[in-house]
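Geometric and topological summary
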Amino acid sequence: MKETLNWKKLIKVPKKLFSGLLAASMAFTCVVDQNFTTVHAAKKDPIREEKRNPEINPEFTIQHYLNFEAVSMGLKHGSNRITYPLRDIPDWESNPWDPAKLQPGTEGTETITGTILDVINVESRGQIPVNGTNTAPLYGVAINSDGSLRTHKTKKVLFEDEKVEYFNKPNMKYMNRLYNEVSEGSYNENYTLAQVWIAYNLKNSRSVDEKDFHVVDVPKKVINNETRHDPSRIIFTNNPEYKDKETNQGLEKSGDDYLPTKFGTGNKEHVVIYVKEGMTIRFLFDPTSSDYVKENVNFFDYDISNGVIYASEADAKAGTNSLPTSEQEKSLKNKKRFSQTGKQGINHPDNYPKNAQGAHFAFGNVNTGSGWGSQLWYKDTLSNKINGYNSRNNKGTTFGLVKGLDTENGTLI
């Protein structure tokens, strides 16, 4: 994100004079009106001091989290039970698929019983299964009663944590990586900042327990008849003696903590947060949703027939009295019609390389009469069916058909 600072242009100002002016300007409390941010300066020039003053220029941690609907996939315990990770901790910090961490009752997991769709989780195995050896699915996804995949709410880390100094990032515009000053009201179209979580002494940096934080709901505004959060109304200050301009009221306290304090009402409502050395500021986003309508969309699928239809099975087998497919909605409407699918369409021999060695990979189920159902592919010292149920493996699967994708020409390797 490109940041700009609007400085007045100084022409031919001597360096010594500029340094003196800067030191003088830092000798008193300076109020920056943009985003209501208050900068509390030291009596001495902190820029010219070798050691950072933590009271004036505190160092703190910024986190970005997303309220996320994660698919409930986990380790199988029998045929109808799984334990899945909540995914609150980033995958790069803790392998969520470690079987030792997915036992019933383990912290950070949930266990459910119901309809389970088996999953071959290559990420957890570390490699593609070897044909004929331990090919049973170890993981599964929970299925809802309507057939949809079960999901669970989690808080997903969007970016790595960032430790910064207040002088470098004094307000929302600089702290929030998803802040979009181009859009009206300064919001990101795909994410909306719903809450800001504040902790002055966070023991577990990955805690998602609201009890460990002061939670601030971001004020809202209406834009184009749509209610959105307005991050510009969250204000940060390094001044514990902050006074609101309108009410002349200071920040609320609880013990030694300065609480996020709300000032104003309606369109003037804003929340002021005191920035302190070692604190954590967590931005919690909600994903946005919208409708997109596209008319006249064409869908394509592989054609495994010879491109025509027939009124009888005998004609289809003999290839006689063919009719164009348009007749499905004309003379053959509400009647049975037949296709010839034996090595036709994409499965036609002419579509394979001439003099090709090895098995021919086909499209369509064997019961469509593709003509290639008996093809055998030799892999892992075994002959494996690739166009039908492979009895060598659990669930009839076949592994190792491709190594990857050739990104230059879009073909499988």
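Here the structure is a predicted model, which is why all the values come from computation and not from measurement.

Its place among the elements puts Asn188 in the loop between helix 3 (172-175) and strand 11 (191-199). Between the C-alpha atoms of Asn188 and Arg177, which are 11 residues apart in sequence, the distance is 9.9 Å.

Strand order across the open sheet formed by five strands is 6-5-4-8-7, with antiparallel pairing between neighbours. A single partner strand is all that each edge strand has here, and the edge strands are strand 6 (109-113) and strand 7 (116-119). Averaged over all pairs of adjacent strands, the angle between strand axes in this sheet comes to 40°, irrespective of strand direction. Examined bridge by bridge, strand 7 and strand 8 (residues 139-142) share four bridges and lie antiparallel to one another.

Let's shift gears to the layout of surface pockets. Looking at the second largest pocket, its volume works out to about 430 Å³. Lining the second largest pocket are 20 residues; nearest its centre among them are Asp88, Ile89, Glu107, Gly108 and Thr109. Its residues assigned to classes, the lining of the second largest pocket shows six nonpolar, seven polar and seven charged.

This part covers the confidence of the model for the chain. For any part of a model where pLDDT is low, the fine detail of the predicted coordinates should not be relied upon. Across the chain, the average pLDDT comes to 84, with 86% of residues at or above 70. Taken together, the stretch residues 1-43 has pLDDT below 50 and engages in 60 contacts with residues farther than four places along the chain or on a different chain.

How each quantity is defined
Residues numbered from 1 in each chain as written. Predicted model: local features only at pLDDT ≥ 70, side-chain atom pairs only at ≥ 80, totals over all residues. Heavy atoms only, no water. Helix = DSSP H or I, 4+ residues; strand = E, 2+ residues; numbered from the N terminus. Pairing = 2+ DSSP bridges. Axes fitted to C-alpha atoms, helices over the stretch in contact; angles between N-to-C directions. 1 Å grid on protein atoms, 1.4 Å probe; cavity = no way out; pocket = protein on both sides within 12 Å on 5 of 7 lines; lining within 4 Å. Points joined across faces, edges and corners; volume = space filled by probe spheres on them. Nonpolar A, V, L, I, M, F, W, Y, C, P; charged D, E, K, R; others polar. pLDDT = per-residue confidence, 0-100. Contact = heavy atoms within 4.5 Å.

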